[in-house]
Structures are given as C-alpha cells and as structure tokens.
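# Observations on the three-dimensional arrangement
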Amino acid sequence: MIHEHRFLISRKPYAVKLDSLRREDQPSPQDRQQSYCGRIDAVWFRRRKGVTVACIGTLWDIQDNEPADGREFLKRHDDGCYGGHCEGRWDGNGYWGAEKLELQQRHLSILQPMLANYPVVPPGFDGWWTFQSAG
C-alpha cells in the first residue's frame, strides 16, 4: 500500500490504527512452511448510490514472514483486490453491520463523527493508505 497525505475518494483510501495489527500464523499449503496472516483495523469513505458513507472494518493480508509493525505490514500489502472487510457502515441516516448493540455503539462512536467531518482522518487513525499508484 502507498501512504498519501492528500485524500482523494477516487483512489479508495483507508485510514488505519497502526498499533492494531493482529498476527495469526497459518500453515502454507504449498510448502508446509508457516506464513504470516495479519489484520489491521481500518476506516474508509466510499460512495454508495451517490451517497458518501463511512465504513469500519479490517484490512487483511497473508505475507511470507512477520512484519516489524503495522506500517511495514501495509507497505508490503500490495493486493487490494478484496478491499477492506467491512463490519459496519453509516450513511448519515442508517447503520448497517453488527447485530450486537454494544458493537453497533462502538462503530457509531467512530463513524458518525467521521462522516460529519468528511474527509478528516478520525483521531487515532493514520491516513491515507491506498493500493492505487499515483500514475
């Protein structure tokens, strides 16, 4: 992924919590060696049917070996074909996502001010990261 300081929704950027990287070792079926599976918390804006929405979820990737930190994990993450795994979405009128009320409230505590302050990076997140190159 590429770290950018300018927000362009057309480049499908993500803001991430760099310290939220979670490691999950999984065996690699090809060579029976361990590979590194990681997830990092993320938020992003998208347009759905002409409406800007705020999303929360994770970015995940399987890598050959363990990165030193969240920043290295993102720099190695070069395949954005799946995008972010969305766990909650707020469009200013309605919420889609978690069924548990506690998790809905946690999501909305981030998503509501995020959408209200579009396109500002929410507090505690590092933005903007994108899979698309500048040229």
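Read on for a plain summary of the structure. (Residues numbered from 1 in each chain as written. Predicted model: local features only at pLDDT ≥ 70, side-chain atom pairs only at ≥ 80, totals over all residues. Heavy atoms only, no water.)

### So, the pattern of salt bridges
Pairs can form between side chains of opposite charge whenever their charged atoms are close. For clarity, the threshold we go by: Basic side-chain nitrogens of Lys or Arg form a salt bridge, by our definition, when they fall within 4 Å of a carboxyl oxygen of Asp or Glu. Runs of E in the DSSP output that reach at least two residues are strands. Runs of H or I that reach at least four are helices, and both are numbered from the N terminus. Classification of residues uses two cut-offs on accessible area relative to the type maximum, computed with a 1.4 Å probe and protein chains only: under 20% is buried, over 50% is exposed, and between them is partly exposed.
Taken as a whole and judged by the stated rule, the model has 6 salt bridges. The salt bridge partner of arginine 22 is aspartate 41, with a shortest N-O separation of 2.9 Å. Separated by 19 residues along the polypeptide, arginine 22 in strand β3 (residues 22-27) and aspartate 41 in strand β4 (residues 34-48) bring together distant segments of the chain. Residue classification places aspartate 41 among the partly exposed positions, given a relative accessible area of 25%. Here glutamate 102 ties to arginine 106 by a salt bridge, and the two come within 3.9 Å at their closest N and O atoms. Here arginine 106 and glutamate 102 lie together in helix α2 (residues 101-116), a separation of 4 residues that amounts to about one turn.

### Description of α2
Our working definition: Expected span of a helix: the number of residues minus one, times 1.5 Å. One axis is fitted to the seven residues ending at the residue and one to the seven starting there. The bend at that residue is the angle between these axes.
The end-to-end C-alpha distance of α2, which contains 16 residues, comes to 22 Å, matching closely the 22 Å that a straight helix rising 1.5 Å per residue would cover. At leucine 108, α2 shows its strongest bend, of approximately 30°. Considered for burial, the residues of α2 that qualify are His107, Leu108, Leu111, Met114 and Leu115.

### Regarding the state of the cysteines
What makes a disulfide is a covalent bond joining the sulfur atoms belonging to two cysteines. Where we set the bar: Pairs of cysteine sulfur atoms within 2.5 Å are what we label disulfides.
A complete count under the given rule lists 0 disulfides for this structure. Cysteine 37 forms no disulfide, and the closest cysteine sulfur to it belongs to cysteine 81, at a distance of 14 Å. When its relative accessible area of 5% is taken as the criterion, cysteine 37 is described as buried. The cysteine cysteine 55 is free of any disulfide, with cysteine 86 supplying the nearest cysteine sulfur at 4.3 Å. Cysteine 55 sits in the buried class, given a relative accessible area of 4%.

### Examining the layout of surface pockets
Inclusion rule: We place a 1 Å grid over just the protein atoms. Points where a 1.4 Å probe fits but has no way out form a cavity, open points with protein on both sides within 12 Å along at least 5 of 7 lines form a pocket, and any residue with an atom within 4 Å of a point lines it. Grid points are joined across faces, edges and corners, and a volume is the space filled by probe spheres set on the points. When residues are sorted by character, Ala, Val, Leu, Ile, Met, Phe, Trp, Tyr, Cys and Pro go into the nonpolar class, Asp, Glu, Lys and Arg into the charged class, and all the rest, Gly among them, into the polar class.
The volume enclosed by the largest pocket comes to roughly 230 Å³. Lys17, Asp41, Ala42, Ile56, Gly57, Thr58, Glu87, Leu103, Arg106, His107, Ile110 and Phe125 together form the lining of the largest pocket. Contributing elements (two or more residues each) for the lining of the largest pocket: β4, β5 (51-63) and α2. For the lining of the largest pocket, the leading source of residues is α2, giving 4 residues. Across the lining of the largest pocket, the residue classes tally to 5 nonpolar, 3 polar and 4 charged.

### What to know about a nonpolar patch on the surface
Put simply, the rule is: Patch members must show over 30% relative accessible area and no salt bridge, and they are joined within 9 Å when carrying like charges or within 5 Å when they are nonpolar side chains of Val, Leu, Ile, Met, Phe, Trp or Tyr. Using a 1.4 Å probe, the Shrake-Rupley method yields the accessible areas, and only the shown protein chains count as cover for residues.
On the surface, a cluster of nonpolar side chains totalling about 340 Å² of accessible area is made up of Trp60, Ile62 and Tyr82. Along the chain, the position of tryptophan 60 falls in strand β5. What makes tryptophan 60 partly exposed here is its relative accessible area of 30%.

### A short note on the pairing of strand β6 (residues 85-90)
Definition in use: Whether two strands pair comes down to DSSP finding at least two bridges between them.
Here β5 runs beside β6; their pairing, made up of 5 bridges, is antiparallel. Each residue of the ladder has a partner; that of threonine 58, found in β6, is histidine 85. Bridge count for β6 against strand β7 (residues 95-97) is 3 bridges, and the pairing is antiparallel. Within the sheet, the bridge partner assigned to tryptophan 90 lies in β7 and is tyrosine 95. Adjacent in sequence and paired antiparallel, β6 and β7 are bridged by 4 residues, among which glycine 92 carries a positive phi angle near 100°.

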